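Observations on the model geometry
Here is what each chain is made of, one letter per residue.
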Amino acid sequence: LREGEVSKMAGADGDDSLYPIAVLIDELRNEDVQLRLNSIKKLSTIALALGVERTRTELLPFLTDTIYDEDEVLLALAEQLGNFTMLVGGPEYVHCLLPPLESLATVEETVVRDKAVESLRKISQEHSPVDLEVHFEPLVKRLASGDWFTSRTSACGLFSVCYPRVSSTVKAEIRQHFRTLCSDDTPMVRRAAASKLGEFAKVLELEYVKSDIISLFTALASDEQDSVRLLAVEACVSIATLLPQEDLETLVMPTLRQAAEDKSWRVRYMVADKFSELQKAVGPEITKNDLVPAFQNLLKDCEAEVRAAAANKVKEFCENLPEDNREQIIMTHILPCVKELVSDTNQHVKSALASVIMGLSTILGKDNTIEHLLPLFLAQLKDECPEVRLNIISNLDCVNEVIGIRQLSQSLLPAIVELAEDAKWRVRLAIIEYMPLLAGQLGVEFFDEKLNTLCMAWLIDHVYAIREAATCNLMKLVEKFGAEWAQNTIVPKVLGMANDPNYLHRMTTLFCINALSKACGQEITTKQMLPVVLKMSNDQVANVRFNVAKSLQKIGPILDSNALQTEVKPVLEKLASDTDMDVKYFAQEAISVLALA
Amino acid sequence: MAGVAGGNDFQWCFSQVKGAIDEDVAEADIISTVEFNYSGELLATGDKGGRVVIFQHEQESKNRPHLRGEYNVYSTFQSHEPEFDYLKSLEIEEKINKIRWLPQQNAAHFLLSTNDKTIKLWKISERDKRAEGYNLKDEDGRLRDPFRITSLRVCLAVPQTCLILSMTLCDNFSKIDCCTFQVPVLMPMDLMVEASPRRIFANAHTYHINSISVNSDHETYLSADDLRINLWHLEITDRSFNIVDIKPANMEELTEVITAAECHPHQCNVFVYSSSKGTIRLCDMRAAALCDRHSKFFEEPEDPSSRSFFSEIISSISDVKFSHSGRYMMTRDYLSVKVWDLNMENRPVETYQVHEYLRSKLCSLYENDCIFDKFECCWNGSDSAIMTGSYNNFFRMFDRNTRRDITLEASRESSKPRATLKPRKVSTGGKRKKDEISVDSLDFNKKILHTAWHPKDNVIAVAATNNLYIFQDKIN
């Protein structure tokens, strides 16, 4: 027994014993899922130890039959097998990996199936053309004609990888299989086929794209289930890219027009969501004649989800319009719809629009922006929904480039103040994050005059997250406006809080010092901040005292060694013998980090 | 398919009864839902104790050729446990409110089961192989002879470095004799059926879930509680979409609740929900993301002459079911079953009285709370007949073509193999004929709320308190 223990210990130590591999193999079937998972993740180690022969003849058959395991184990297995070619003896033997992956491609868990298909696609490239026809393609056929829809859905993802590398007879068979799956009884399979239609079209010869793919596309796009129809929209993008311009009108456009007016909002949503891709795929002429009116309709759709998706695309769509009459199209066709959306009943629509509308100013130029867009920005800045206002404020930089921010500043200020005092702390947090950006664009004067008070008020907010963000905000402002500005405007106020009766505010002083010291530089830190920190070491609240220790640790590297030795060291030593154990702990930590011991 | 009864075609006969015979019924054993799967090969029941029992149709046995296959227990598992919501100080019962099978997608079977709050997706799968052969221990778990392990070590000491290195050294490696490793092999074993929870859809319902229904798109399902309907993706548990919300801003203005909801069997965008006011709303999910506005509203005008204090209570719909064809739907209220054509909203095309003789007893049924019983109803495989339950362990069947109806009883007395079920009659007039039962002697504690009809054959499952009766047709 003793010898056994010795060898076990040796194994555990990971010396030159292969004991760990024996453990790994045994744990392939441990009752604990985590251990099985570990073993599967080290499958390459096991295979390496067994050698290629035994991996092929023993390990793989065992794995093929283990397909009842937990999803996470199967997922790991499916992934491992995609990198197993060398471990079974190289490309010559890669087909040995097909049986376990075939089983994995039929399990009910989508993530596992998808991973198995991904690995199959990967190893298909390692098959020789002969092996591809002898081993791989029959597997695809078996899956495609399987009894359960799980296997048929998996087949959909494999056609495109073998098609380019097989003989023309086999190609014809593959096309036939794909056709069959496109009209499968179960919507799951039709969905899988629809989602792979574009990819399959890409590997087909153009004549077959025109003859086969178009009819499948048309059929799927008018499927009775809207969940299938909406996937055809995606395929539309790839198919349109493949076809010559002159064929688009007859082969693709009727279906696309139909999808844009589909009865189901989900299909129209999909069209709106893919609009930029569609626009690029069909080219400028069709865009002008067809997509502009379609886009107008989507912006006016009766379903808010569709309007929101379309609103999100306004900027991209306008940007990609043909340049020769872009401005005219926007002004006469798009802008009227956009104006309506500004006062939409649904706040998601308004905030989607607010997140892109500023981008239009660069496209339309200064005069149009002032005349047409500015009123919209101002209206949105007064919107009742804070998200809309935030989205406008967060994109101010686009307008700034075109007309300068001064145009907006009069309306901006009330909007910012209102957001800054919003009852929801997440809204306050969001506006704080835009402060450095705003400050940069509005300039130091405007900032001092109007916004500085706000920034200081946040420091005493009753929500910690806001105080923390406010601290960070100050640091960014100092980085922007410089140390001198900090010394005059911020530092006195921050240091004043050190005498606040509320200990939370006193701690905020320390947090600010932590954040600001680096940006303010050695002089301000040593002369103004350090005395305050040192004084606070006598605070009656232990939390303040240990934060003093932490602050000293933080600002220590900025101070010169004289100050460290003569001022910081005695205070830290005093704190290190504090009655409170946390204060002691952090003081000692600071002493050792600053090497003052 | 032949008619329900009476005619020359066939008679119903007893096949099996499941559950304890004791008069003493444990609360937990009361069956709360019954459901055949799509092929009829499996039959699931849920009970108040949170358990799900699945029965499997056995192939016809050769030595008893006269008997068609029986349903035997295939798998039993605890689907839900009693819970306590500490935030609301509410007990959550483990009772299974509904079971719905998913269309079969591979060799395993899947079902959704729900209690008042939480929906679970279960996988029921078979295993008939187990792995054998350990390196470090015997089959019975004892550590192997340590010398063997040491020899392993000696034998394999050389290639350890290769392991940490890369696969390029693979060739060297394969030359080393590693045969001391044992790779497990799979050996046949007795069939084991496992039920494992795959997904838990929780925290989406404030009120009690009364219905779940799997959509024909095979990827979504809906769940309904008293005031809201949510749409789920079967693979996503952390969010669902609220598609119907009838909760008024002020709860004092509440006048109706959702009582049941179901997806259309073929059109993935259509679903219906019934209300406590006796109306049914059909919604089209294509029209808008929120289905607060219905596309069709089915309501029968009330007959003013029969109006009473109880009108509203007894018109409340307790169940709604689409026909397999998708053309019709059936609703059950307290006294009747109605069949509606989806194309006609102003009145049902067929109305069947289930137990009209109770109309005069509503007062006492109100007092003993029976008037709030939620009877369910079901279609046969070809939509030509419907079945629903009543009191005294009676259940009713209606043939839609011949308009014949029949009352049958699920009872231990007639539970002899292949015994034909005798039609029962409740006397309604003054004089009671032979074989008739008077309304006053009906046992209102024996109620049949849950029944299921095999999707293809004339096999029915009837839940009577803690017993499950299975009847089938007897071909003459």
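Chain B appears in an unreviewed UniProt entry as Serine/threonine-protein phosphatase 2A 55 kDa regulatory subunit B from Astatotilapia calliptera. What UniProt states about chain B under its Sequence similarities (unreviewed entry) heading is, verbatim, "Belongs to the phosphatase 2A regulatory subunit B family."

Under an unreviewed UniProt entry, the name given to chain A is Protein phosphatase 2, regulatory subunit A, beta a, and the source organism is Astatotilapia calliptera. Taken directly from UniProt, the Sequence similarities (unreviewed entry) text for chain A runs: "Belongs to the phosphatase 2A regulatory subunit A family."

**A closer look at the overall build of chain B**
The number of helices and strands found in chain B is five helices and 32 strands. Among the 476 residues that make up chain B, the fraction classed as buried is 54%. In chain B, the share of contacts with a sequence separation of at least 24, taken over all contacts with a separation of at least 6, comes to 55%. Surface summary for chain B: the accessible area is close to 22,500 Å², and the carbon and sulfur share equals 49%.

**So, the UniProt feature "domain: Phosphatase 2A Regulatory Subunit A helical" (unreviewed entry) in chain A**
Look at the UniProt record and you will see "domain: Phosphatase 2A Regulatory Subunit A helical" (unreviewed entry) annotated at residues 97-278 of chain A. End C-alpha to end C-alpha, residues 97-278 of chain A measures 39 Å, and it is 79% helix and 0% strand.

**A few points about the confidence of the model for chain B**
Residues and elements named next belong to chain B. When pLDDT is averaged along chain B, the result is 86, and 86% of the positions lie at 70 or above. Throughout residues 150-179 the model reports pLDDT below 50, and contacts reaching past four residues in sequence, or to other chains, amount to 44 contacts. This complex was scored by the predictor with a pTM of 0.80 and an ipTM of 0.79.

**Details of the sheet that holds strand β17 (residues 270-275) of chain B**
Residue and element names in this part refer to chain B. As summarised here, the arrangement of the four strands in space is β16-β17-β18-β19, forming an open sheet in which the pairing is antiparallel. Each edge of the sheet is formed by a strand with only one pairing partner; in this case those strands are β16 (258-263) and β19 (296-298). Within the sheet, the average angular offset between the axes of one strand and its neighbour, ignoring direction, is 20 degrees. Bridge analysis of β16 against β17 gives five bridges, and the strand direction is antiparallel. Along β17, the bridge assignment pairs A261 with Y273.

**Examining helix α30 (residues 483-496) of chain A**
Residues and elements named next belong to chain A. Taking 1.5 Å of rise per residue, the 14 residues of α30 would be expected to cover 20 Å, and the 18 Å separating its terminal C-alpha atoms lies within 8% of that figure. The axis of α30 is deflected most strongly, by about 45 degrees, at I490, and proline P492 appears within four residues downstream. Where α30 is concerned, the buried positions are W485, A486, T489, I490, V491, V494 and L495. Contacts made by the buried residues of α30 are with α28 (444-458), α29 (464-481) and α31 (503-536).

**Concerning the packing of α28(A) against α29(A)**
Residue and element names in this part refer to chain A. Packing of α28 against α29 leaves a shortest axis separation of 9 Å and a crossing angle of 155 degrees. With respect to each other, α28 and α29 are oriented roughly antiparallel. Helix-helix and strand crossings are classified by hand; for α28 and α29 the assignment is left-handed. Residues V444, F447, C455, M456 and W458 of α28 form the contact with α29, whose own contacting residues are I466, R467, A470, N473, L474, L477 and F481. Among the residues forming the contact of α28 with α29, the class breakdown is ten nonpolar, one polar and one charged.

**Concerning the pairing of strand β10 (residues 119-132) of chain B**
Residue and element names in this part refer to chain B. Here strand β9 (residues 109-114) runs beside β10; their pairing, made up of six bridges, is antiparallel. The partner of H109 across the bridge, within β10, is I124. A loop of four residues connects β9 with β10, the two strands running antiparallel in sequence.

**Some thoughts on the environment of N210(B)**
Residues and elements named next belong to chain B. Along the chain, N210 falls in the loop between β11 (185-201) and β12 (211-214). Between the alpha carbons of N210 and F181 there is a distance of 56 Å; along the sequence they are 29 residues apart. If sequence neighbours within four positions are ignored, N210 has contacts with K98, A224, D225, D226, I258, T259, A260 and K374.

**Topic: the sheet that holds β10(B)**
Residue and element names in this part refer to chain B. Judged by pairing direction, the sheet is antiparallel, and its four strands sit side by side in the order β8-β9-β10-β11 without closing on themselves. The strands lining the two open edges of the sheet, one partner per strand, are β8 (98-101) and β11. For this sheet, the mean inter-axis angle between neighbouring strands, taken without regard to orientation, is 25 degrees. Of the pairings in the sheet, the one linking β10 to β11 comprises 13 bridges and is antiparallel in character. Opposite I119, over in β11, you have F201 as the bridge partner.

**Notes on the confidence of the model for chain A**
It should be kept in mind that the predicted coordinates are not to be read in detail where pLDDT is low. Per-residue pLDDT for chain A has a mean of 89; in total, 97% of the residues score no lower than 70. Contacts for the low-pLDDT stretch residues 1-16 of chain A, under 50 throughout, to residues beyond four places or in other chains number 18 contacts.

**A closer look at the side chain of N458(B)**
Residues and elements named next belong to chain B. Mapped onto the elements, N458 comes out in the loop between β30 (450-453) and β31 (459-464). Overall, the relative accessible area of 7% leaves N458 in the buried class. One polar contact links N458 to W453, side chain to side chain, over a distance of 3.5 Å.

**Here's the deal with unusual backbone geometry**
All names here are of chain B. The phi torsion at N203 lies on the positive side, around 60 degrees, for a residue other than glycine. Given the relative accessible area of 80%, N203 is considered exposed. One non-glycine residue, R403, lies in the positive phi region at around 60 degrees. Looking at the element boundaries, R403 is found in the loop between β26 (394-399) and β27 (405-409). Judged by its relative accessible area of 48%, R403 is partly exposed.

Scoring rules and cut-offs
- Residues numbered from 1 in each chain as written.
- Chains lettered and ligands numbered in written order.
- Predicted model: local features only at pLDDT ≥ 70, side-chain atom pairs only at ≥ 80, totals over all residues.
- Heavy atoms only, no water.
- UniProt positions renumbered as here; feature names shortened; annotations may be inferred.
- Helix = DSSP H or I, 4+ residues; strand = E, 2+ residues; numbered from the N terminus.
- Buried < 20%, exposed > 50% of the residue type's maximum accessible area, 1.4 Å probe, protein only.
- Contact = heavy atoms within 4.5 Å.
- Areas by Shrake-Rupley, 256 points an atom, 1.4 Å probe, with all protein chains shown as cover.
- pLDDT = per-residue confidence, 0-100.
- Pairing = 2+ DSSP bridges.
- Axes fitted to C-alpha atoms, helices over the stretch in contact; angles between N-to-C directions.
- Expected span 1.5 Å × (residues − 1).
- Bend = angle between axes of the 7 residues up to and from the residue.
- Parallel < 35°, antiparallel > 145°, perpendicular 65-115°, else oblique.
- Left-handed = near helix turned anticlockwise from the far one by under 90°.
- Nonpolar A, V, L, I, M, F, W, Y, C, P; charged D, E, K, R; others polar.
- Polar contact = N/O pair within 3.5 Å; in protein donor to acceptor, adjacent residues only side chain to side chain.

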